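Take a look at the letters that make up each chain.
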Amino acid sequence: IFKICGLKEKDSLICCEANKVDFFGLVFYEKSPRNINPNKAKQLIEFSKNLSIKPVGVFVNHEINDLKNIIRLLNLKYIQLHGEENQSYINEIKKEFKLKIIKKISIKTQSDLIKINKFENLDYLLFDYKPKSNELPGGNSKAFNWNLLKEVRIKIPWFISGGINESNIKKIQKTINPHGIDLSSGVEESLGKKNNEKINKLFRVFYDN
């Protein structure tokens with residue numbers, strides 16, 4: 001499964017569809033260079049209805065009532081919680097909406113793996129580089145030590161994220177073989193601006209045996 005996060009333009013969406021990308025992430029986090037407003041997101045979602053690619057709303061410690069309003073407005077079927085959201089936050093969303101939740105877990109050392117089986121009521125996990133206090137919650141172009149995941153038993157499907165680009169995408173397959181790969185900065189020409197040629201090139205590399 002492939003997901004490209006932080007899309008804002010229709011031509012990026014068309015390019016992702018052509019490369020058989022499964023999901024596109026719409027980032028609702030004001031401090032991010034990939035932030036999108038709900039009205040523009042609605043246009044992209046409408047446009048994607050004729051495509052196979054599915055939208056995912058990405059939120060970071062979002063105020064829960066505002067999050068619910070965005071889910072309703074956009075009729076989201078997938079959301080990604082990319083902050084420090086707890087189990088009661090997850091349960092409250094699941095109680096109210098029929099949707100699938102991807103939950104981010106930040107990884108730096110072996111001890112971070114304890115969180116893997118801490119959550120319930122989730123559909124996917126997403127493992128990302130653990131940001132320093134002055135960094136964004138995601139999209140920092142930095143990878144964690146993927147070998148940490150080699151021996152871990154994970155009960156639900158999971159994505160790997162953080163610093164993935166054309167130079168290391170083959171290594172992921174060989175090292176850990178995740179269910180999904182989540183891309184963002186690795187296919188950008190500048191912070192928050194996706195580059196179709198980089199997207200095309202990455203998938204050429206990935207599928208080239």
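Notes on the structure in this doc start here.

Rules behind the numbers
- Residues numbered from 1 in each chain as written.
- Predicted model: local features only at pLDDT ≥ 70, side-chain atom pairs only at ≥ 80, totals over all residues.
- Heavy atoms only, no water.
- Salt bridge = Lys/Arg side-chain N within 4 Å of Asp/Glu carboxyl O.
- Buried < 20%, exposed > 50% of the residue type's maximum accessible area, 1.4 Å probe, protein only.
- 1 Å grid on protein atoms, 1.4 Å probe; cavity = no way out; pocket = protein on both sides within 12 Å on 5 of 7 lines; lining within 4 Å.
- Points joined across faces, edges and corners; volume = space filled by probe spheres on them.
- Helix = DSSP H or I, 4+ residues; strand = E, 2+ residues; numbered from the N terminus.
- Nonpolar A, V, L, I, M, F, W, Y, C, P; charged D, E, K, R; others polar.
- Contact = heavy atoms within 4.5 Å.
- Polar contact = N/O pair within 3.5 Å; in protein donor to acceptor, adjacent residues only side chain to side chain.
- Axes fitted to C-alpha atoms, helices over the stretch in contact; angles between N-to-C directions.
- Parallel < 35°, antiparallel > 145°, perpendicular 65-115°, else oblique.
- Left-handed = near helix turned anticlockwise from the far one by under 90°.
- Core = buried A, V, L, I, M, F, W, Y, C linked by side-chain atoms within 4.5 Å.

## Remarks on the pattern of salt bridges
Next up, step 1: In this structure the tally under the stated criterion is 14 salt bridges.
Next up, step 2: Between Lys 115 and Asp 112 there is a salt bridge, and its shortest N-O distance comes to 3.6 Å.
Next up, step 3: Under the relative-accessibility criterion, Lys 115 is labelled partly exposed at 26%.
Next up, step 4: Within this structure, Lys 68, Arg 72, Glu 92 and Glu 96 form a network of salt bridges that share partners.

## Notes on the layout of surface pockets
Next up, step 1: There is about 230 Å³ of room inside the largest pocket.
Next up, step 2: Around the largest pocket, the lining comprises 14 residues; the ones closest to its centre are Ile 45, Lys 49, Pro 55, Leu 74 and Asn 75.
Next up, step 3: When residues of the lining of the largest pocket are traced back to their parent elements, those giving at least two are helix 2 (38-48), strand 3 (54-59) and helix 3 (64-74).
Next up, step 4: For the lining of the largest pocket, the class distribution of residues is 7 nonpolar, 2 polar and 5 charged.
Next up, step 5: The volume enclosed by the second largest pocket comes to roughly 150 Å³.
Next up, step 6: Around the second largest pocket, the lining residues are Gly 83, Glu 84, Glu 85, Asn 86, Lys 103, Lys 104, Ile 105, Ser 106, Lys 115, Lys 118, Phe 119 and Lys 130.
Next up, step 7: Tallied by class, the residues present in the lining of the second largest pocket amount to 2 nonpolar, 3 polar and 7 charged.

## Quick notes on the environment of Glu 96
Next up, step 1: Note that Glu 96 resides in helix 4 (residues 87-96).
Next up, step 2: Apart from residues no more than four positions distant in its own chain, Glu 96 is found in contact with Lys 68 and Arg 72.
Next up, step 3: For Glu 96, the side chain forms a polar contact with the side chain of Lys 68, separated by 3.0 Å.
Next up, step 4: Engagement of the side chain of Glu 96 in a polar contact is seen with the side chain of Arg 72, the distance being 2.5 Å.

## A short note on the packing of helix 1 (residues 10-18) against helix 6 (residues 196-207)
Next up, step 1: Remark: helix 1 packs on helix 6, axes separated minimally by 10 Å, with the N-to-C direction vectors making an angle of 10°. Relative to helix 6, the element helix 1 is oriented roughly parallel. Taken as a pair, helix 1 and helix 6 cross one another with a handedness that is right-handed. Contacts between helix 1 and helix 6 pair Asp 11, Ser 12, Cys 15 and Cys 16 from the former with Asn 196, Ile 199 and Asn 200 from the latter.
Next up, step 2: For the contact of helix 1 with helix 6, a count of residues per class yields 3 nonpolar, 3 polar and 1 charged.

## Brief notes about the environment of Tyr 89
Next up, step 1: In this structure, Tyr 89 sits in helix 4.
Next up, step 2: For the pair Tyr 89 and Lys 118, spaced 29 residues apart in the sequence, the C-alpha separation amounts to 14 Å.
Next up, step 3: Setting aside anything within four residues of it in sequence, one finds Tyr 89 in contact with His 62, Ile 64, Leu 67 and Leu 81.
Next up, step 4: A polar contact is formed between the side chain of Tyr 89 and the backbone oxygen of His 62, at a distance of 2.6 Å.

## Let's talk about the packing of helix 3 against helix 4
Next up, step 1: Direction vectors running N to C along helix 3 and helix 4 enclose 35°, while the axes themselves pass 11 Å from each other. Of the two elements, helix 3 crosses helix 4, and the hand of that crossing is right-handed. From helix 3, Ile 64, Leu 67, Lys 68, Ile 71 and Arg 72 reach across to helix 4, where they touch Tyr 89, Glu 92, Ile 93 and Glu 96.
Next up, step 2: When grouped by side-chain class, the residues that make up the contact of helix 3 with helix 4 number 5 nonpolar, no polar and 4 charged.

## Points about the nonpolar core
Next up, step 1: With 56 residues, the main nonpolar core has Ile 93, Phe 127, Ile 160 and Leu 183 as its most contacted residues.
Next up, step 2: Top element by residues in this core is helix 3. It accounts for 5 residues.
Next up, step 3: Dropping the residues within four chain positions of it, Ile 160 is found in contact with Phe 127, Phe 144, Trp 146, Leu 149, Ile 172, Ile 176, Pro 178, Gly 180, Ile 181 and Asp 182.
Next up, step 4: By size, the runner-up hydrophobic cluster in this structure holds 12 residues, among which are Tyr 29, Val 56, Val 60 and Phe 159.

Treat this as a map of the structure, not an account of what it does.
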